[in-house]
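A structural walkthrough
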Amino acid sequence: MANDQYQIKQLDSYSVFLPPVGHSDSPAAMARRQAREEANNTYVKENVAEEVKGQITGSFIYAHPPNYRGAEAVTYTQQDWKRELARLKGFGIDTVIYQASVWDELHECYYKSELFKDYKFFNVVEPMLAAANELGLTIFLGAVGSVTCWHEKLNNQIIDGEVAKQIGCFDELCKSFAGGFHGIYFSPESTYPGFRDAALENFLGDLYGRFFNEIRSRNDQLKIMMSPATFYHAGKMDDMKGAWLAMFSKAHPDILAPQDSIGCGCITLDKQVEALKIWRSICDEANIEFWSNVEVFECCAPYIDETSRRIAPHDRVVAQINNAAPYVSKFITWELLYYGNPMYPRSGGKLSPRWFGGAEVD
């Protein structure tokens, strides 16, 4: 995602990314959305399932969503965090993944930092960690969130800058919160673009290798997790495995939890299993644990502003879980602070307890 592929909008005390004007409401974009919705609806009707073959036991959390108005945790106290995380724990969540301790493009930092002292400061990481540890949750802590890995073209200067920020942030987090988290989440998202690009794969491989190896040299007990997006490229998916193995040639994460990308419309249910088999093969060959990041939301009108997210229909999420169940060891989701939370009625619904093994969801 280059700089011309998003705009930054101020919301209350914080900022978010939004699509550029005209990007999401063009006739072509609307036609693609309609086709994806029809494909998913047809799949659900043809694969009605009473049994849910897995349960979601992990959730991303954050200071605030980077690209829509969700739960505004920038204001949470430790007691607020304890209330909200206890709510998640009450219906089976044992793992939380804090998305990013810094958002580079938003110039926001969520812990007391010297490296990012010029960014707008919100005290989020400290009270979140205190509450999560009090509740006995497993915590993956994201370092720097950025759009670096969405750039179509990378260079040594970009990679050097990203590595320096990631390592610097990681060192500060370890200094301030040593022992307070169990793993590191690599926050910048990426994907297979539908073709092999040796230069891009080499630059991303260098980024992963340099950062992941630095983490392990400092603390080899921390698990490293990534959650890349899943895009479907008709007739071009055969190269996806080779592309990712090339990117992981210098170092790979311990856990790969690809976004199933059903909610954001980058793939449809009828193509999901094809992609899952490729992800499974990548993880098997690279000795990586394979989780599924189940998107329990859907994008909705108006697509061009910060309100374009709501909770997904029950049967669609069941299909996502059931498709992934034969391939993965754990289900996580983006994200439960907001979707289905009665504090936020604009999220559009109530979480289904069947996604969480039958637990009650308030």
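Let us look at the structure shown here. Bear in mind the structure is a predicted one, so any value in this text is a computation, not a measurement.

Looking at the side chain of glutamate 162
Structurally, glutamate 162 is set in helix H4 (residues 156-177). Look at glutamate 162: it is buried, it has no salt bridge, and the nearest opposite charge is lysine 165 at 5.9 Å. With near-sequence residues (within four places) excluded, glutamate 162 lies in contact with Val144, Ser146, Thr148, Pro188 and Leu207.

Notes on the nonpolar core
Trp81, Tyr208, Met225, Trp244 and Trp355 are the most contacted members of the largest nonpolar core, which has 123 residues in total. Sequence-distant contacts of tryptophan 81, that is, excluding residues within four places in its chain, are made with Ile61, Tyr62, Ala73, Tyr76, Ala86, Val124, Pro127, Met128, Ala131 and Leu337.

Some points on the sheet that holds strand E9 (residues 144-145)
The four strands are arranged E7-E6-E5-E9 in an open sheet whose pairing can be described as mixed. One side of each edge strand has no neighbouring strand; the edge strands of this open sheet are strand E7 (120-121) and E9.

Quick look at unusual backbone geometry
Along the chain, alanine 301 connects to proline 302 via a cis peptide bond; the corresponding omega equals -5 degrees. Topologically, proline 302 is positioned in the loop between strand E14 (297-299) and strand E15 (309-311). Of the consecutive residues tryptophan 334 and glutamate 335, the connecting peptide bond is found in the cis state with omega at -15 degrees. Positionally, glutamate 335 belongs in the segment after strand E16 (330-334). Of note in the backbone geometry, histidine 107 takes a positive phi value of approximately 55 degrees without being a glycine. Structurally, histidine 107 is set in the loop between strand E5 (102-103) and strand E6 (108-109). Since its relative accessible area comes to 45%, histidine 107 is described here as partly exposed. At serine 261, a position not held by glycine, the phi torsion is positive, near 65 degrees.

A word on the packing of helix H7 (residues 269-286) against helix H8 (residues 314-324)
Between H7 and H8, the least distance of the axes is 9 Å, while the angle of their chain directions is 25 degrees. Here H8 runs roughly parallel to H7, going by the angle between their axes. Seen along the crossing, H7 lies across H8 with a hand that is right-handed. Contacts between H7 and H8 involve Leu269, Gln272, Val273 and Leu276 from the former and Arg316, Ala319, Gln320, Asn323 and Ala324 from the latter. Residues that form the contact of H7 with H8 fall into these classes: five nonpolar, three polar and one charged.

About the thresholds
Residues numbered from 1 in each chain as written. Predicted model: local features only at pLDDT ≥ 70, side-chain atom pairs only at ≥ 80, totals over all residues. Heavy atoms only, no water. Helix = DSSP H or I, 4+ residues; strand = E, 2+ residues; numbered from the N terminus. Buried < 20%, exposed > 50% of the residue type's maximum accessible area, 1.4 Å probe, protein only. Lys, Arg positive; Asp, Glu negative; His and termini not counted. Salt bridge = Lys/Arg side-chain N within 4 Å of Asp/Glu carboxyl O. Contact = heavy atoms within 4.5 Å. Core = buried A, V, L, I, M, F, W, Y, C linked by side-chain atoms within 4.5 Å. Pairing = 2+ DSSP bridges. Axes fitted to C-alpha atoms, helices over the stretch in contact; angles between N-to-C directions. Parallel < 35°, antiparallel > 145°, perpendicular 65-115°, else oblique. Left-handed = near helix turned anticlockwise from the far one by under 90°. Nonpolar A, V, L, I, M, F, W, Y, C, P; charged D, E, K, R; others polar.

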